[in-house]
Amino acid sequence: MKYSDLALREKILEMYPDIAEHRVAVGIGFNSEKNSYILTFRRGKEELITLIDKMDADDCMNNIKCIHLGIKVDQFIRNFEAREEFGRKVA
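Here the structure is a predicted model, which is why all the values come from computation and not from measurement.

Quick look at the overall build of the protein
Across its full length, the protein holds four helices and three strands. Each principal axis of the C-alpha distribution contributes one length, and for the protein these read about 50 × 25 × 20 Å. When each of the 91 residues of the protein is scored for burial, the buried share is 35%. Taking all contacts inside the protein whose residues are at least 6 apart in sequence as the whole, residues at least 24 apart take part in 49%. Here the protein displays about 5800 Å² of accessible surface, and carbon together with sulfur accounts for 52% of that area. Computed over 15 positive and 16 negative side-chain charges, the separation of the two mean positions in the protein equals 4 Å.

The following block contains the structure:
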């Protein structure tokens, strides 16, 4: 299945609206060595990275939610919020 990185990014944002709701930016690029997409999540100065393999990305483009990615999205959002909370307490 052929699609652009941008199309996959848009599909991920559509399937996981929490990303935008929590002001998380998403970058994406394909790594041919790993046959996976590298997803970079950013919020403020913080950055977290995960991989989504080509087969899961293909499923995503076919409107099949990837459980692995959904868990990562939730975990990353919680991590960003915890880091911000910790930063406020330390300051």
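Once you've had a look at it, read on.
Looking at the pattern of salt bridges
Applying the stated rule across the entire model yields eight salt bridges. We note a salt bridge from Arg9 to Glu10, for which the minimum N-O separation is 2.9 Å. Accessibility expressed as a relative area gives 24% for Arg9, which makes it partly exposed. The salt bridge partner of Asp74 is Arg78, with a shortest N-O separation of 3.2 Å.

What to know about the nonpolar core
Generally speaking, soluble globular proteins have nonpolar side chains that are buried together. If you look at the biggest cluster of nonpolar residues, it comprises 23 residues, and the most contacted ones within it are Leu8, Ile12, Phe41 and Leu69. Taken together, the elements giving at least two residues each to this core come down to α1 (5–15), β1 (25–31), β2 (36–43), β3 (46–53), α3 (54–61) and α4 (67–90). Counting residues per element, this core draws most heavily on α4, at five residues. In contact with Leu69, not counting residues within four places along its chain, are Ile12, Tyr16, Leu39, Phe41, Thr50 and Ile52.

Cut-offs applied
- Residues numbered from 1 in each chain as written.
- Predicted model: local features only at pLDDT ≥ 70, side-chain atom pairs only at ≥ 80, totals over all residues.
- Heavy atoms only, no water.
- Helix = DSSP H or I, 4+ residues; strand = E, 2+ residues; numbered from the N terminus.
- Buried < 20%, exposed > 50% of the residue type's maximum accessible area, 1.4 Å probe, protein only.
- Contact = heavy atoms within 4.5 Å.
- Areas by Shrake-Rupley, 256 points an atom, 1.4 Å probe, with all protein chains shown as cover.
- Lys, Arg positive; Asp, Glu negative; His and termini not counted.
- Charge placed at Lys NZ, Arg CZ, Asp CG, Glu CD.
- Salt bridge = Lys/Arg side-chain N within 4 Å of Asp/Glu carboxyl O.
- Core = buried A, V, L, I, M, F, W, Y, C linked by side-chain atoms within 4.5 Å.

Everything listed is a geometric property; what it means functionally is a separate question.
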